[in-house]
Amino acid sequence: MKIGLFIPCYVDALYPHVGVATYKLLTALGLDVDYPLGQTCCGQPMANAGFETMAGGLADKMDRLFEPFDHVVAPSASCAAFVRLNYPHILKGRHECTTSGKIMDVVEFLHDVVQVQSLPGRFPHVVSVHNSCHGVRELGLSSPSERNVPAYSKIKDLLALVDGITVREPERVDECCGFGGMFSVEEPEVSVRMGTDKIKRHMATGAEYVTGPDSSCLMHMEGIARRLGLPIKFVHVVEILSAGL
């Protein structure tokens, strides 16, 4: 099983340690992982801004770059969801899309494909789980509260394997933090208010850290928390899962 590691552009530029943690964890589990050096942005920012046709070149390049791999794994639910759901029609007329059918967020890959049963690390802290919108409603990382389905959380299942951790969830467990990519640019006041409310719900759990599968959501909330001087820290879920490596 050959795995192509996709590190989204904002993770590469702002949170490279998340990419490193993902690589360390996958290789520590004995997996054959390669990081193609020619990778760039998947095109999500362009498409979300209304310029989907301009994302075609990026999508074409990424699809060809990751064609040799059995699985494409990314530490970003939103980017994985964008490629999975949008590449088929963006690449229509160019060539048959292969990446959309094999890209996965690292959480669903570890949970569904690798089926991890144990992890070596320890994280003796109280953590509140942030269920990002793309992860919940497009990748199925946890059950959406608006649907009458049995509750589940792949994130919590994996965190439960970490020694010493206490996992909690906020009120309105899967309500949006307000980031939403272009939404935070076009509606900054609403976005900040939503993020502030979300942070306070996370803090009400008694958590020391907020964790989740999207550095973008964590970045948004961390920026608000810093400006307001709120005593809460933020860490990508893969950093907790790889603790001790």
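Now for a description of the structure that goes with this document. Residues take numbers from 1 onward in each chain, read along the sequence in its written order. The predicted nature of this model means local features are confined to residues of pLDDT at least 70 and side-chain atom pairs, given and counted, to a pLDDT of 80 or more, with totals for whole chains, interfaces and linings taken over all residues. Each side-chain value is worked out from all heavy atoms of the structure, with water and hydrogens disregarded.

**Regarding the sheet that holds strand β4 (residues 103–105)**
Think of a sheet as strands paired side by side through backbone hydrogen bonds, with each pair either parallel or antiparallel.
Piece 1. Judged by pairing direction, the sheet is parallel, and its 4 strands sit side by side in the order β2-β1-β3-β4 without closing on themselves. Either end of the sheet is taken by a strand with one partner, and the two such strands are β2 (32–34) and β4. When the angles between neighbouring strand axes are averaged without regard to direction, this sheet yields 35°.
Piece 2. Examined bridge by bridge, strand β1 (residues 2–5) and strand β3 (residues 71–74) share 3 bridges and lie parallel to one another. Following the sheet pairing, Gly4 is matched in β3 by Val72. Two strands qualify as a pair provided that DSSP identifies no fewer than 2 bridges between them. Where helices and strands are cited, they refer to DSSP runs of H or I of at least four residues and of E of at least two residues respectively, numbered from the N terminus. Here an axis means a line fitted to C-alpha atoms, over the contact stretch when the element is a helix, while the angle between two N-to-C directions is reported on a 0 to 180 degree scale.

**Comments concerning unusual backbone geometry**
Note: most peptide bonds trans; most residues except glycine with negative phi.
Piece 1. Of note in the backbone geometry, Gln115 takes a positive phi value of approximately 55° without being a glycine.
Piece 2. Its identity is not glycine, yet Arg172 carries a phi of approximately 55°, on the positive side.
Piece 3. Structurally, Arg172 is set in the loop between β6 (166–168) and α9 (182–186).
Piece 4. Think of it in three bands: with a 1.4 Å probe and only protein chains considered, a residue is buried below 20% of the maximum accessible area for its type, exposed above 50%, and partly exposed in between. The exposure class assigned to Arg172 is partly exposed, which follows from its relative accessible area of 48%.

**Some details on helix α4 (residues 56–65)**
Piece 1. Taken together, the buried positions of α4 are Gly56, Ala59, Asp60, Met62 and Asp63.
Piece 2. Contacts made by the buried residues of α4 are with α5 (77–90) and β4. We call two residues in contact whenever any of their non-hydrogen atoms come within 4.5 Å of each other.

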